[in-house]
Amino acid sequence: PRMTIGQIIEEGLTTHNFFKAGSKAMREHIVKTMVECGLQEYMLHRYPHQFSGGQRQRVAIARALAVNPKFIVCDECVSALDVSIQSQIINLLQELKEKQKLTYMFISHDLSVVEHLCDRVAIMYLGQLMEIGTVDQIYDNPRHPYTQALLSARPRLGERRSEERILLTGDVSDISGCENGCLFANRCFAAQVGECRKVRPVMKKVSETHRVSCHIK
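Residues numbered from 1 in each chain as written. Predicted model: local features only at pLDDT ≥ 70, side-chain atom pairs only at ≥ 80, totals over all residues. Heavy atoms only, no water.

Novice: If you had to explain the overall build of the protein to someone new, which residues and values would you point to?
Specialist: Scanning the protein from N- to C-terminus turns up eight helices and six strands. In terms of overall dimensions, the protein is more spread out than a globule: its C-alpha atoms have a radius of gyration of 22 Å, far above the 17 Å expected for 217 residues. Across the 217 residues that make up the protein, the buried fraction comes to 38%. For the protein, long-range pairs separated by at least 24 residues make up 48% of all intrachain contacts whose partners lie at least 6 apart in sequence. With an accessible surface of roughly 13200 Å², the protein has 51% of that area assigned to carbon and sulfur atoms. For the protein, the centre of its 28 positive side-chain charges and the centre of its 24 negative side-chain charges are spaced 2 Å apart. (Helix = DSSP H or I, 4+ residues; strand = E, 2+ residues; numbered from the N terminus. Rg over C-alpha atoms; globule rule 2.2 N^0.38 Å. Buried < 20%, exposed > 50% of the residue type's maximum accessible area, 1.4 Å probe, protein only. Contact = heavy atoms within 4.5 Å. Areas by Shrake-Rupley, 256 points an atom, 1.4 Å probe, with all protein chains shown as cover. Lys, Arg positive; Asp, Glu negative; His and termini not counted. Charge placed at Lys NZ, Arg CZ, Asp CG, Glu CD.)

Written out as structure tokens, the structure reads:
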């Protein structure tokens, strides 16, 4: 909070020796990055508290982009924003992805945002991969019971629900002592007493781009 926006963006550039600290080239690069992220040059000497939530998120994106990365981890990067600002940031991320040929690992609980932004989706439960595939495969043809339950719970405004919501029962597995069996077995509506509770499933190929970790599916 005691650093200006310019200093915050400059930090990574100085650490990785892109430019000499305080140089003209440094300033020009910072301003160029800010403008690409929807921030104006006059904001350079302002402090974080002088910005809205959406603008602060743009600063965080500018800070990441300043060092010319090829891969960016976006961990819940729009979860704290209201819907209108959220859409602006998502559009910015998409624009920068195309323009700079970036790859994102987008981590989120918002299934609608994931569907809109991502090309491939990995579903995790208690730190383990349950299913992985393209957006169309995951959303149109979910194979793991946990994925099916997740998708049945997402709100979809303006649509009539064609399927019943899947309500999960049972307790979350204690992963510290769960060496055998599927981690989701205690809550799974399709679990069988034998294999599901005694043998840890491995990833199986559904198609060339679709894999699922489940004995049933």
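Novice: Mind laying out the pattern of salt bridges, listing which residues take part and the relevant values?
Specialist: Under the criterion given, the structure shown has six salt bridges. Between Glu 41 and Arg 27 there is a salt bridge; the shortest N-O distance is 3.1 Å. Taken as a pair, Glu 41 in the loop between helix 2 (24–36) and helix 3 (53–65) and Arg 27 in helix 2 lie far apart in primary sequence, 14 residues in all. Relative accessible area serves as the criterion here: at 41%, Glu 41 is assigned to the partly exposed category. For the salt bridge of Glu 208 with Lys 205, the shortest nitrogen-to-oxygen distance reads 3.6 Å. In this structure Glu 208 comes out as exposed when scored by relative accessible area, which is 62%. (Salt bridge = Lys/Arg side-chain N within 4 Å of Asp/Glu carboxyl O.)

Novice: Provide a residue-level description of the sheet that holds strand 6 (residues 210–212), including the pertinent values.
Specialist: Taken in spatial order, the four strands of this open sheet run 3-4-6-5, and their pairing is antiparallel. Strands with a single pairing partner mark the edges of an open sheet, and in this sheet they are strand 3 (120–125) and strand 5 (204–207). Ignoring which end each strand starts from, the neighbouring axes of this sheet average 25° apart. Here two bridges tie strand 4 (residues 128–134) to strand 6, and the two strands are oriented antiparallel to one another. Bridging from a neighbouring strand, Ile 132 pairs with Arg 211 of strand 6. (Pairing = 2+ DSSP bridges. Axes fitted to C-alpha atoms, helices over the stretch in contact; angles between N-to-C directions.)

Novice: Just give me the short version of the layout of surface pockets, but keep the residues and values in it.
Specialist: Its boundaries defined by the atoms lining it, the largest pocket holds a volume of some 1100 Å³. Along the walls of the largest pocket sit 28 residues, with Phe 106, Ile 107, Ser 108, Val 114 and Ala 122 positioned nearest its centre. Every element with two or more residues in the lining of the largest pocket is listed here: strand 2 (103–107), helix 5 (111–117), strand 3 and helix 7 (145–153). Per-class residue counts for the lining of the largest pocket are 19 nonpolar, four polar and five charged. (1 Å grid on protein atoms, 1.4 Å probe; cavity = no way out; pocket = protein on both sides within 12 Å on 5 of 7 lines; lining within 4 Å. Points joined across faces, edges and corners; volume = space filled by probe spheres on them. Nonpolar A, V, L, I, M, F, W, Y, C, P; charged D, E, K, R; others polar.)

Novice: Which residues make up empty space enclosed by the protein, and what values do they have?
Specialist: Within this structure, the stated rule accounts for one cavity of 30 Å³ or more. For the largest cavity, the calculated volume is near 70 Å³. Lining the largest cavity, in full, are His 144, Pro 145, Cys 182, Phe 184, Ala 185, Cys 188, Ala 191, Cys 196, Ser 213, Cys 214, His 215 and Ile 216. Along the lines of polarity and charge, the residues of the lining of the largest cavity split into nine nonpolar, three polar and no charged.

Novice: I'd like a description of helix 3, backed by residues and values.
Specialist: For helix 3, built from 13 residues, the straight-helix expectation of 18 Å at 1.5 Å per residue is met to within 8% by its first-to-last C-alpha distance of 19 Å. The complete set of buried residues in helix 3 reads Gly 54, Gln 57, Arg 58, Val 59, Ile 61, Ala 62 and Leu 65. If you follow the buried residues of helix 3, they end up packed against helix 1 (5–15), helix 2, strand 1 (71–75) and helix 4 (83–100). (Expected span 1.5 Å × (residues − 1).)

Novice: Let's hear about the environment of Tyr 104: which residues, and what values?
Specialist: Mapped onto the secondary structure, Tyr 104 falls in strand 2. Owing to a relative accessible area of 17%, Tyr 104 belongs among the buried residues under this scheme. Taking the C-alpha atoms as reference points, Tyr 104 and Lys 70, 34 residues apart in sequence, are found 8.6 Å from one another. Other than its neighbours up to four places away in sequence, Tyr 104 contacts Ile 72, Cys 74, Leu 93, Leu 96 and Lys 97. A polar side-chain atom of Tyr 104 sits 2.7 Å from the main-chain carbonyl oxygen of Leu 93. (Polar contact = N/O pair within 3.5 Å; in protein donor to acceptor, adjacent residues only side chain to side chain.)

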